[in-house]
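So you can see what is in the structure, the chains are spelled out below.
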Amino acid sequence: MSTVSEADVVSAVNKELFIGGKWAPAAGNATFDVHDPATGEVLCAVADASPQDGITALEAATAAQADWAAHPPRERGEILRRAYEKLMARQDELGLLMTLEMGKPLAEAKGEIAYAAEFFRWFAEEAVRIDGGYAVAPNGSGRFLVTNQPVGPCLLITPWNFPMAMGTRKIGPAVAAGCTMVIKPAAQTPLSMLALAGILAEAGLPDGVLNVVTTTQAGGVMEPMIRDGRARKLSFTGSTGVGRKLLEQCADTVMRTSMELGGNAPFLVFEDADLDAAVDGAMQAKMRNIGEACTAANRFYVHSSVADEFSRKLTERMEALPIGRGTEDGVVVGPLIDTAAIDKVSELVGEAAQRGATVLTGGATVDGPGNFYQPTVLTGVPREARMTSEEIFGPVAPISTFETEDEALAAANDTEFGLVGYVYTQNITRALRVSERMETGMVGLNQGVVSNPAAPFGGVKQSGLGREGGTVGIDEFLETKYIAVGGL
Ligand code: NAP
């Protein structure tokens, strides 16, 4: 139970733009409202940046780049380490702030603060490990000197579903590498990022290294910055549709990109799986973040011999989940982010049912205020149902059956997405064989959560380009320079 009040955590956040180390209103003092998705009520208003405000932020990032690149790596790392400590010290209030703007239950929100902070601790340690090479040319004449330099000013765009962690996963490696940046959080959840900007400033991040623009004109503000030519890198987390558009814009200036896009995770349960462990994993993979995660299990494929038992056990667990405002004790299922999300989930469930799927539990919205949808289990979901090819982004588990391993893999890989897949089997040979054949960037093997700051997160196919976290995460913000040394 949190001891801080809702009003206090909201009022503690600076609601202006953070540019060049100073808080400033948007052009014309424009603002927009931030809502609590559990009640629909307005929490507060924040600055609504114009395209010119975006360019001003890019100018601040560009002006700070050379000094920041020359900053000792150890000091860059120590700033991140201090920010990690501060995030953890304020876990309760930052968790509550996140629950208020995004809806996820408080325990999950606090968990995200710890996960987000861990990216800073990880990249604090990576800042001092940027290395290079020195080698003799193959013909013995001359030397190769290889060094890694910061890419330069970066544009970072984050989604609403993990308002803090999707930011620290980009800011951490950018700071460690010596890049400056402009970050634009999602309009629905700007408060966590504004709070984070304050923490980084307190931790000693020099003015202009991090600039935050909040806006309702995502495209209008970002496109001029992308086309400006001074930014050298775009790192985006969000939907595949928006990612495609941004890639097109980046093509004109051949800007480097990292794209963490949508998912459509298959969850395979073989006949030799530990079924209780598979149900536990299914609950995590499906219900983490109310189902609003790119890693959310979107399609369950269960061997026909264990499908009834798996479906019954999953249904029992889903039915028992307490639904409510994320601030209430014991709540596990918070509201979806907005009415559009509710409409999409309702539409997908209705369409699957029309195509012959059976609703074992749920299948409806919850009466009263807020965007609540019942935890739902469907069986007999046919391939043609839209939810097998589109992200559901809600608490809905569609189950289909298979007979053979090949059939399961064909179904799992039958998607344009390739972020993560889950495999439950106790047969080690099958576990590795299926993991290798899964067309995804990540596999949860007898495990329902894969995210870890120390591991490389990312997808293949239309789930994205590049990796965040792990030892490769910092590479996304570095350019390799080769110096050909003569005279030796
Ligand atoms: P979204 O609509 O693509 O928005 C993501 C971000 O892009 C937001 O900040 C949004 O701003 C901004 N944006 C929207 N249109 C833009 C444009 N034309 N130009 C520049 N920026 C633009 O996605 P979302 O609904 O927030 O997030 C859910 C999606 O993110 C899902 O598809 C999920 O799978 C994906 N996701 C992927 C990962 C991963 O690591 N692979 C992690 C988390 C989420 P506004 O909020 O102002 O519209």
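Structural data are supplied above this passage.
Residues numbered from 1 in each chain as written. Predicted model: local features only at pLDDT ≥ 70, side-chain atom pairs only at ≥ 80, totals over all residues. Heavy atoms only, no water.

*Asks:* Would you mind going over the overall build of the chain with me for this structure?
*Replies:* A tally of helices and strands in the chain yields 14 helices and 20 strands. Taken against the 2.2 N^0.38 rule, which gives 23 Å for 488 residues, the C-alpha radius of gyration of the chain at 23 Å falls within 12% of a compact globule. Taken across its 488 residues, the chain has 55% of its residues classed as buried. Of the contacts made within the chain by residues no fewer than 6 positions apart, 73% connect residues no fewer than 24 positions apart. As displayed, the chain offers around 18400 Å² of accessible surface, 51% of which is attributable to carbon and sulfur atoms. When the 40 basic and 61 acidic side-chain charges of the chain are each reduced to a single mean position, those positions are 6 Å apart. (Helix = DSSP H or I, 4+ residues; strand = E, 2+ residues; numbered from the N terminus. Rg over C-alpha atoms; globule rule 2.2 N^0.38 Å. Buried < 20%, exposed > 50% of the residue type's maximum accessible area, 1.4 Å probe, protein only. Contact = heavy atoms within 4.5 Å. Areas by Shrake-Rupley, 256 points an atom, 1.4 Å probe, with all protein chains shown as cover. Lys, Arg positive; Asp, Glu negative; His and termini not counted. Charge placed at Lys NZ, Arg CZ, Asp CG, Glu CD.)

*Asks:* I keep staring at the layout of surface pockets and nothing clicks. Help me out?
*Replies:* Once rolled over the atoms, a probe with the size of a water molecule shows which space is left empty. The space that makes up the largest pocket amounts to roughly 930 Å³. Lining the largest pocket we find 40 residues, and of these P159, W160, G238, S239 and V242 sit closest to its centre. At the level of secondary structure, the elements contributing two or more residues to the lining of the largest pocket comprise α6 (165-177), α8 (218-228), β10 (233-237), α9 (240-252) and α12 (339-354). Residue contributions to the lining of the largest pocket peak at six residues, all from α9. Looking at side-chain class alone, the lining of the largest pocket contains 20 nonpolar, eleven polar and nine charged residues. (1 Å grid on protein atoms, 1.4 Å probe; cavity = no way out; pocket = protein on both sides within 12 Å on 5 of 7 lines; lining within 4 Å. Points joined across faces, edges and corners; volume = space filled by probe spheres on them. Nonpolar A, V, L, I, M, F, W, Y, C, P; charged D, E, K, R; others polar.)

*Asks:* Hey, could you run me through the side chain of T257 in this one?
*Replies:* When you line up the elements, T257 lands in strand β11 (residues 256-260). Since its relative accessible area comes to 18%, T257 is described here as buried. With residues near it in sequence (within four places) discarded, T257 still touches K233, L234, L247, C250, L465 and E476.

*Asks:* Looking at this model, I keep getting lost on the sheet that holds strand β13 (residues 297-303). Mind explaining?
*Replies:* Each strand in a sheet pairs with another by means of backbone hydrogen bonds, the pair being arranged parallel or else antiparallel. Across the sheet, seven strands lie side by side as β14-β15-β16-β13-β12-β17-β18; this open sheet has mixed pairing. Since the sheet does not close on itself, it has two edges, and those belong to β14 (358-361) and β18 (442-445), each with one partner. Across the sheet, the axes of successive neighbouring strands diverge by a mean angle of 25 degrees, strand direction being ignored. Of the strand pairs in this sheet, strand β15 (residues 376-379) and strand β16 (residues 396-402) are connected by four bridges, and their pairing is parallel. (Pairing = 2+ DSSP bridges. Axes fitted to C-alpha atoms, helices over the stretch in contact; angles between N-to-C directions.)

*Asks:* Quick question: what am I supposed to make of the sheet that holds strand β5 (residues 133-136) here?
*Replies:* Taken together, the three strands give an open sheet; going across it, the order is β5-β6-β20, and neighbouring strands pair in antiparallel fashion. Where the open sheet ends on each side, the last strands, each with one partner, are β5 and β20 (478-485). Taken over all neighbouring pairs, the strand axes of this sheet differ in orientation by 20 degrees on average, direction set aside. Judged from the four bridges that link them, β5 and strand β6 (residues 143-150) form a sheet pairing that is antiparallel. The partner of V136 across the bridge, within β6, is R143.

*Asks:* Got a minute to help me understand helix α7 (residues 191-202) in this structure?
*Replies:* Taking 1.5 Å per residue as the helical rise, α7 with its twelve residues ought to reach 16 Å, and the 17 Å between its terminal C-alpha atoms agrees with that figure. Judged by how many residues are buried, α7 sits mostly within the fold: nine of twelve residues are covered. Buried within α7 are the following residues: L191, S192, M193, L194, A195, L196, A197, I199 and L200. Note on α7: the residue one or two positions beyond its end, G204, has a positive phi of about 105 degrees. (Expected span 1.5 Å × (residues − 1).)

*Asks:* Help me understand helix α3 (residues 73-89) in this model?
*Replies:* An α-helix turns once per 3.6 residues; consequently, residues spaced three or four apart project the same way. Taking 1.5 Å per residue as the helical rise, α3 with its 17 residues ought to reach 24 Å, and the 24 Å between its terminal C-alpha atoms agrees with that figure. Among all positions in α3, only R76, G77, I79, L80, A83, Y84 and L87 are buried. Down the axis of α3, the buried set is contained in an arc of 155 degrees. They therefore lie on one face. Turned more than 90 degrees from where α3 packs its buried face, R74 and A89 sit exposed. The elements touched by buried residues of α3 are α2 (51-70), α4 (91-102), α5 (106-126), α6 and α7. (Arc of directions from axis to C-beta.)

*Asks:* Sorry, what's going on with a nonpolar patch on the surface here?
*Replies:* Taken together, the side chains of Y134, L145, I483 and L488 define a hydrophobic patch exposed on the protein surface, amounting to about 390 Å² of accessible area. For Y134, the position within the fold is in strand β5. (Patch = residues over 30% accessible without salt bridge, like charges linked within 9 Å, V, L, I, M, F, W, Y side chains within 5 Å. Salt bridge = Lys/Arg side-chain N within 4 Å of Asp/Glu carboxyl O.)

*Asks:* I would appreciate a short explanation of the packing of α3 against α7 in the present structure.
*Replies:* Pairs of packed helices are described in terms of their axes, by the angle between the two and the distance that separates them. For the pair α3 and α7, interaxial distance at closest approach is 9 Å and the crossing angle is 130 degrees. For the element pair α3 / α7, the angle class is oblique. Once α3 is placed against α7, the crossing between them reads as right-handed. Contact with α3, carried on its side by A83, K86 and L87, involves L196, I199, L200 and E202 of α7 and no other residues of that element. For the contact of α3 with α7, the per-class residue count stands at five nonpolar, no polar and two charged. (Parallel < 35°, antiparallel > 145°, perpendicular 65-115°, else oblique. Left-handed = near helix turned anticlockwise from the far one by under 90°.)

*Asks:* I would appreciate a short explanation of the nonpolar core in the present structure.
*Replies:* Proteins that are soluble and globular tend to have nonpolar side chains buried together. Of all hydrophobic cores here, the largest spans 116 residues; its most connected members are I171, F310, L314 and M387. For this core, the element with the highest residue contribution is α5, accounting for eleven residues. Other than its neighbours up to four places away in sequence, I171 contacts F120, L156, M181, I183, M193, L196, L200 and L210. If you look at the next biggest cluster of nonpolar residues, it comprises 26 residues, including I19, L155, A231 and M255. (Core = buried A, V, L, I, M, F, W, Y, C linked by side-chain atoms within 4.5 Å.)

*Asks:* Can you walk me through unusual backbone geometry in this structure?
*Replies:* Among all residues except glycine, the phi angle is most often negative; among peptide bonds, the trans geometry is most common. One non-glycine residue, N289, lies in positive phi territory at about 65 degrees. Structurally, N289 can be placed in the loop between α10 (275-287) and β13. The phi angle at N446 is positive, at roughly 55 degrees, despite the residue not being glycine. Counting through the fold element by element, N446 comes out in the loop between β18 and β19 (464-465).

*Asks:* I'm lost on the site of the ligand in this one. Help?
*Replies:* The environment of the ligand is made up of 29 residues, and the closest members are T158, R169, S239, L261 and E391. The separation between an oxygen atom of the ligand and a polar side-chain atom of S239 is 2.6 Å. L261 places a polar main-chain atom, nitrogen or oxygen, 2.7 Å from a nitrogen atom of the ligand. Relative to its unbound accessible surface of 900 Å², the ligand loses 86% to contact with the protein. Of all the elements in the fold, those that place two or more residues in the shell around the ligand are α6, α8, β10 and α9. In terms of residue count, the dominant contributor to the shell around the ligand is α8 (three residues). Per-class residue counts for the shell around the ligand are 17 nonpolar, eight polar and four charged. (Near = heavy atom within 4 Å. Polar contact = N/O pair within 3.5 Å; in protein donor to acceptor, adjacent residues only side chain to side chain.)

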